[in-house]
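These are the residues of each chain, in order.
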Amino acid sequence: MQWDFDASTAVLALLVLIVLLVRLKTKHNRSYLYLLLYAIFYLYIVNVIRYTLFPVPLFIQEDSMFRLSYDLNPTGFIRWDDAQIYNNILLSVPFGFGLPFLRKVSFKRMLLAGVMFGLAIEGAQLVLSLLIRAGYRTVDVNDVLLNFIGVMVGYGCYRLFAAIVRGISRDKKRGLAALLDTAV
């Protein structure tokens, strides 16, 4: 038996999103544009969790052999297929693009966030494997490196996008240009 990301899990995620949005609006008086960007980023993170952690096997039999699958060789991606490399990079590009809309981040902070994003995914897979005593996912240092590359590509795209918006925006006090000015 396994716990899959089904309708009940999606409803729970949406209820959490609604609570967060109401709190951001009432306690922090965030703009509707900020709330929209926050909701998009939240749904992205929920989908990252969905594709990297689910389905989670439940009720593993006691007599089954527990083998944790891991790869700590940072050159191991040489033997991967191209799709695996691109998918790990593409998974994290939206993180690098979206985070600066929500938080003020410097280049150094983005470097740290890129490493932490990959470590969080792989760490969650490791912890779940240890908790359920089943190596259902491979914990791989190369995924951390590829996720980091994706975050930095996304951040580069954000910086380019922000420069273009600032360059063509006539009214710096409203809309996306104002959000970019407060976020960066």
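Residues numbered from 1 in each chain as written. Predicted model: local features only at pLDDT ≥ 70, side-chain atom pairs only at ≥ 80, totals over all residues. Heavy atoms only, no water.

Draft legend 1. Summary view of the overall build of the chain. Looking only at helices and strands, the chain has 6 helices and 4 strands in total. Reading the chain from its N end, one meets helices and strands in the order β-α-α-β-β-α-α-β-α-α. Classification of the 184 residues of the chain by burial places 36% in the buried group. When contacts within the chain are restricted to residue pairs at least 6 apart in sequence, long-range pairs at least 24 apart make up 75% of them. Accessible surface, the chain: about 11600 Å² in total, of which carbon and sulfur atoms supply 66%. (Helix = DSSP H or I, 4+ residues; strand = E, 2+ residues; numbered from the N terminus. Buried < 20%, exposed > 50% of the residue type's maximum accessible area, 1.4 Å probe, protein only. Contact = heavy atoms within 4.5 Å. Areas by Shrake-Rupley, 256 points an atom, 1.4 Å probe, with all protein chains shown as cover.)

Draft legend 2. A look at a nonpolar patch on the surface. On the surface, V11, L15, I18 and V22 cluster together to form a nonpolar patch covering roughly 360 Å² of accessible area. The topology assignment puts L15 in helix α1 (residues 7-28). (Patch = residues over 30% accessible without salt bridge, like charges linked within 9 Å, V, L, I, M, F, W, Y side chains within 5 Å. Salt bridge = Lys/Arg side-chain N within 4 Å of Asp/Glu carboxyl O.)

Draft legend 3. Highlighting helix α3 (residues 82-102). Between its first and last C-alpha, α3 extends 32 Å over 21 residues, near the 30 Å set by a 1.5 Å rise per residue. At S92, α3 is bent by approximately 25°, the largest bend along its length, and proline P94 sits one to four residues beyond. (Expected span 1.5 Å × (residues − 1). Bend = angle between axes of the 7 residues up to and from the residue.)

Draft legend 4. Structural view of the environment of G123. Along the polypeptide, G123 turns up in helix α4 (residues 107-132). Remark: the alpha-carbon pair of G123 and V139, spanning 16 residues in sequence, is separated by 7.7 Å.

Draft legend 5. Molecular detail of the nonpolar core. Residues F95, L99, M110 and F117 are the most contacted members of the largest nonpolar core, which totals 32 residues. When contributions to this core are tallied by element, the ones reaching two or more residues are α1, α2 (32-53), α3, α4 and α5 (141-168). Per-element accounting of this core gives the leading share, 11 residues, to α2. With sequence-adjacent residues up to four places away left out, L99 is seen in contact with F41, V105, M110 and A113. (Core = buried A, V, L, I, M, F, W, Y, C linked by side-chain atoms within 4.5 Å.)

Draft legend 6. The packing of α2 against α4, seen in detail. Axis separation between α2 and α4 bottoms out at 11 Å; the angle between their running directions is 45°. Accordingly, the angle class assigned to the pair α2 and α4 is oblique. Note that α2 runs across α4; the crossing there is right-handed. Seen from α2, the contacting residues are Y44, I45, V48, T52 and L53; seen from α4, they are F117, I121, A124, Q125 and L128. (Axes fitted to C-alpha atoms, helices over the stretch in contact; angles between N-to-C directions. Parallel < 35°, antiparallel > 145°, perpendicular 65-115°, else oblique. Left-handed = near helix turned anticlockwise from the far one by under 90°.)

Draft legend 7. Representation of α4 within the structure. In a regular helix each residue adds 1.5 Å, so 26 residues correspond to 38 Å; α4 covers 38 Å between its end C-alpha atoms and thus fits that length. Looking only at α4, the buried set comprises M110, A113, G114, F117, G118, I121, E122, Q125, S129 and I132. Of the surrounding secondary structure, the elements contacted by the buried residues of α4 are α2, β2 (56-57), α3, β4 (139-140) and α5. The positive-phi residue at the C-terminal boundary of α4 is R133, with phi of around 55°.

Draft legend 8. The environment of V127, seen in detail. In this structure, V127 sits in helix α4. Note on V127: relative accessible area 47%, which makes it partly exposed. Measuring from C-alpha to C-alpha, the distance between V127 and V139 comes to 10.0 Å, with 12 residues separating the pair along the chain.

Draft legend 9. Fine view of unusual backbone geometry. Put simply, F54 and P55 share a cis peptide bond, and its omega is -5°. Tracing the chain through its elements places P55 in the loop between α2 and β2. Despite not being glycine, N29 has its phi angle at roughly 50°, a positive value. Tracing the chain through its elements places N29 in the loop between α1 and α2.

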